[in-house]
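# Results of the structural survey
Listed below, chain by chain, are the residues.
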Amino acid sequence: MSQLARRKAARKKTAAARREAEWQKRFGIAKNRDGSVTYGAAGGTYTDAAPSRGYDDWMTLTRSADYDTLPDRDALVGRARDLDRNNPFAKSLRHTLVREVVGKGIRPRPARSARALGWKAPRVRKYARNVSQIWNKWIPHAYVRGGTFGHLLRMTEAALVRDGESFLHFVGLPESRHRPYRLSIDMIEAHRVSTPNDRRLRGRTIRDGVEINNVGAPIAIWVEIEDLQESALFGDRVRSGNRSRWRRIPMMDDVSGLPNIVHVHDPDRPSTRSVPLTAGALDQIHVLGEFIEAELLAKKAEGCIAGAITSTMSDGLAAASASGEFELEPGMMARLMPGESITFLDPKRPGASYAPFVESMLRSIAFSCGLPYEVAFIAFSGMNYSNARTTLLAAQRYFEMRQETLIEKLCRPAFCRLLWESWQVGDLDVPNFPDLEQELCSVGFIGQGFKWVDPAKETAADVMQLENGLTSKSAILMRQGVEFEDVVGDLLYEREVEESEGLAQKAPAMTPEDDTDDTDEDDDKKMEEDEDA
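Reference entry: report on the structure contained in this document. (Residues numbered from 1 in each chain as written. Predicted model: local features only at pLDDT ≥ 70, side-chain atom pairs only at ≥ 80, totals over all residues. Heavy atoms only, no water.)

### A look at the overall build of the protein
As a reminder, the rule being used: Comment: elements are numbered from the N terminus, with helices defined as DSSP H or I runs of at least four residues and strands as E runs of at least two. Partly exposed residues are those whose accessible area sits between 20% and 50% of the maximum for their type, while under 20% is buried and over 50% is exposed, using a 1.4 Å probe and protein chains only. We call two residues contacting when some pair of their heavy atoms lies within 4.5 Å. Here the open area of atoms and residues is found with the Shrake-Rupley method and a 1.4 Å probe, where only the protein chains shown may cover a residue.
Within the protein, the regular secondary structure consists of 17 helices and 13 strands. The buried share among the 533 residues of the protein stands at 32%. Contacts in the protein between residues at least 24 apart in sequence constitute 66% of all its contacts with a sequence separation of at least 6. Taken as a whole, the protein presents about 35100 Å² of accessible surface, with 52% of it coming from carbon and sulfur.

In structure tokens:
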């Protein structure tokens, strides 16, 4: 090999080594002793992760969901509750979600699960009436502290917004004339679920009051059964120091195998506990409330001063002639000293940027909670039909997701326990219910319905879909929160009442004149005139 060839080979080798070093530096490539290659994270191609974009002070860590959530959860819940009590925007957001997600309540559709078993229509209707009677007898006494099941659902949804979660405990109360079933539900607020400070519990994995097993599934909760601050405020008897203030409640009933505690939450990451819905916008809600309060105080201060008296006299004479403040009344005349004049103030608060600033802040808060601004804060002024329909459809999808959380976490477990108790006392007319438990508990639920934006247009669209076999009457009625069986029953009852009272109306008979279609004739004439032209 000539000297020139050796130089070219050396230059190529040097260039290859330089490129390999650059790749190793950029992508963290390292060669192992066995010849394999390891790809690390020493560098990347995302410019947003580069330290040279003005984000040198943006320090982040990649940690587990519990590590990111649990240390700050108490502070977030406390601030969210404070805003819910004192901030009108936080309270309005909670009212909107409770009204649209729960409304009057959520009820089961027993006919759906019965049809899945292949039962005939008469048996399905009989079973549906039987279950509806059981459900309607139970829901007025569902809440252990006195309240309906709808009231409990509204409180649960409010807790999901305010606290991010809610714990519900199925308890049994003594039967009475006014309470047909023992099943009742108690709500345990999030702050009462905490980890006991007890050395005897070493060896258990308890994360912020939730005991989990080796795979991370919750098996029990630890509830603080006595709040020392509350006891001191109301003068209740405080337990002695040698007795535990916490109670362990298993998640499942060991005897029946049914849920004993339901943890209603919808976390974004696999965390043991959840944070308030407004956790990403608490600062903005708080600052917006302080901004409006400052504007109100400034406006109040401006309203207290109607004007000012100015004087062209020297300081000594002005001090000698000053008469201090005086009140203005309708029709009064002011007597001024020589050289004095009255200047009336013209307050400019709030300024022209007040309304746009508040609206932009509210939009940011609504977006943080996953809702359109117009729906979150009932601001539909200036919207046309198309925009309103698009906005409401997007909001309805979000409401349906939250309804699904309440149905699967609360309504279905409560319904299954109620079926079991009603079967045990003989009210449920299904002798082999234990064999059909899984099928009959897989029931559908009807939540808060969503009314039409434009009834005429949407009714016409529903009729068109029915005529073309693209939907069913049950699906249309479910969107409005109405069950098909209820509508059929009401129609049959109305028909019976009208016939018994002699109010049934017959359809008018067709006459030969009515059989003609004037519209078609007019269209034909118009087409002939167009052809002649």
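### Section: the sheet that holds strand β5 (residues 183–188)
Put simply, the test is: The pairing criterion for strands is at least two bridges between them, as found by DSSP. For helices, the fitted axis covers only the stretch in contact; all axes are lines through C-alpha atoms, and the angles between them, taken along N-to-C directions, range from 0 to 180 degrees.
With antiparallel pairing, the three strands of this open sheet are ordered in space as β5-β4-β10. Each having just a single partner strand, β5 and β10 (261–264) make up the two edges of the open sheet. Neighbour to neighbour, the strand axes of the sheet diverge by 25° on average, direction disregarded. Pairing of strand β4 (residues 166–172) with β10, which is carried by four bridges, proceeds in the antiparallel orientation. Its bridge partner being in β10, Leu-168 is matched across the sheet by Val-262.

### Notes on unusual backbone geometry
The phi torsion of most residues other than glycine is negative, and most of the peptide bonds are trans. Notably, Asp-208 is not glycine yet its phi reads approximately 50°, a positive angle. For Asp-208, the position within the fold is in the loop between β6 (205–207) and β7 (210–212). In this structure, Ile-378 is a non-glycine residue whose phi angle is positive, near 50°. Its location among the elements puts Ile-378 in the loop between α11 (373–376) and α12 (385–424).

### Focus on the sheet that holds β6
Reading across the sheet, the four strands line up as β6-β7-β8-β9 and stay open at both edges, with antiparallel pairing between neighbours. Since the sheet does not close on itself, it has two edges, and those belong to β6 and β9 (246–250), each with one partner. Adjacent strand axes in the sheet meet at a mean angle of 30° when their direction is disregarded. By the bridge criterion, five bridges tie strand β8 (residues 218–224) to β9 in an arrangement that is antiparallel. Bridging from a neighbouring strand, Val-223 pairs with Arg-247 of β9.

### Some details on the packing of aromatic side chains
For any pair of aromatic rings, the description rests on two quantities: the centre-to-centre distance and the angle between the ring planes. Our working definition: Side-chain rings of Phe, Tyr and Trp, where Trp is taken by its six-membered ring, are said to pair if the distance between their centres is within 6.5 Å; with planes under 30 degrees apart they count as stacked, over 60 as edge-to-face, and otherwise as tilted. Only Lys NZ and Arg CZ are tested; either one counts as a charge over a ring when it is within 6 Å of the ring centre and within 35 degrees of the ring normal.
Taken as a whole, this structure holds 14 aromatic pairs when the rule is applied. Considering the side-chain rings of Phe-291 and Phe-357, the 4.8 Å spacing of their centres and the 70° angle between planes classify their relative orientation as edge-to-face. Here the residue Phe-291 occupies a position in helix α8 (residues 282–304), and Phe-357 occupies one in helix α10 (residues 354–368), the gap between them amounting to 66 residues. The exposure class assigned to Phe-291 is partly exposed, which follows from its relative accessible area of 25%. By relative accessible area, which is 34% here, Phe-357 ends up partly exposed. Three or more aromatic residues link up through ring pairs in this structure, and these residues are Trp-135, Trp-138, Phe-149, Phe-415 and Phe-445. Here the guanidinium or amino end of Arg-123 rests over the ring plane of Trp-119, the centre of that ring lying 3.8 Å away.

### Observations regarding a negative patch on the surface
Filter applied, for reference: Think of a patch as exposed residues, more than 30% relative accessible area, with no salt bridge, where like charges cluster within 9 Å and nonpolar side chains (Val, Leu, Ile, Met, Phe, Trp, Tyr) cluster within 5 Å. Salt bridges, as used here, are contacts in which a Lys or Arg side-chain nitrogen is within 4 Å of a carboxyl oxygen on Asp or Glu. The charge count includes Lys and Arg as positive and Asp and Glu as negative, but it does not include His or the ends of the chains. For this purpose, a charge sits on NZ of Lys, CZ of Arg, CG of Asp or CD of Glu.
A contiguous patch of negative charge on the surface is contributed by Asp-486, Asp-490, Glu-494, Glu-496, Glu-498 and Glu-499. By relative accessible area, which is 38% here, Glu-498 ends up partly exposed.

### Re helix α5 (residues 121–138)
We count it as follows: One fewer than the residue count of a helix, multiplied by 1.5 Å, yields its expected span. Working note: the arc is built from the helix axis to C-beta atom directions.
For α5, spanning 18 residues, the distance from its first C-alpha to its last is 26 Å, which sits close to the expected 26 Å at 1.5 Å a residue. Turning to α5, its buried residues number three or more, namely Val-124, Tyr-127, Ala-128, Asn-130, Val-131, Ile-134, Trp-135 and Trp-138. Mapping the buried residues of α5 onto a view down its axis gives an arc of 165°, with all of them on the same face. Exposed positions of α5 whose direction lies more than 90 degrees from the buried face are Pro-122, Arg-129 and Gln-133.

### As for the pairing of β4
β4 sits mainly inside the fold: five of its seven residues count as buried. As paired elements, β4 and β5 share six bridges and run antiparallel to each other. Opposite Gly-172, over in β5, you have Leu-183 as the bridge partner.

### Focus on the side chain of Arg-94
Quick note on the threshold: Polar contact is defined as a pair of N or O atoms within 3.5 Å, subject to the rule that within protein one atom must be able to donate a hydrogen and the other to accept it, and that residues adjacent in sequence are counted only when both atoms are side-chain atoms.
Within the fold, Arg-94 resides in helix α3 (residues 88–101). There is a polar contact of 2.5 Å between the side chain of Arg-94 and the side chain of Asp-84. Ignoring sequence-local partners within four residues, the contact set of Arg-94 consists of Asp-84, Ala-158, Val-161 and Arg-162.

### Digging into the packing of helix α2 (residues 65–86) against α8
Note the threshold: In this scheme the handedness of a crossing depends on how the near helix is turned from the far one: anticlockwise by less than a right angle means left-handed, clockwise means right-handed. In the scheme used here, Gly and all other residues not listed as nonpolar or charged are polar, with Ala, Val, Leu, Ile, Met, Phe, Trp, Tyr, Cys and Pro taken as nonpolar and Asp, Glu, Lys and Arg as charged.
Their axes nearest at 11 Å, the elements α2 and α8 cross at an angle of 35°. The element α2 and its partner α8 pack so that their crossing is left-handed. Where α2 approaches α8, its residues Leu-76, Arg-79, Ala-80 and Leu-83 are matched on the opposing element by Leu-282, Ile-285 and His-286. The class makeup of the residues in the contact of α2 with α8 is five nonpolar, one polar and one charged.

### Here we look at a positive patch on the surface
On the surface, Arg-6, Arg-7, Lys-8, Arg-11 and Lys-12 cluster together to form a positively charged patch. Mapping Arg-11 onto the fold places it in helix α1 (residues 3–27).

### Points about the pattern of salt bridges
All told, the structure shown has 24 salt bridges when counted by the stated rule. Between Arg-81 and Asp-163 there is a salt bridge, with the nearest N and O atoms lying 3.0 Å from each other. With Arg-81 in helix α2 and Asp-163 in the loop between α6 (149–162) and β4, this residue pair connects regions lying 82 residues apart in the sequence. Taking the relative accessible area as the measure of exposure, Arg-81 reaches 16% and is therefore buried.

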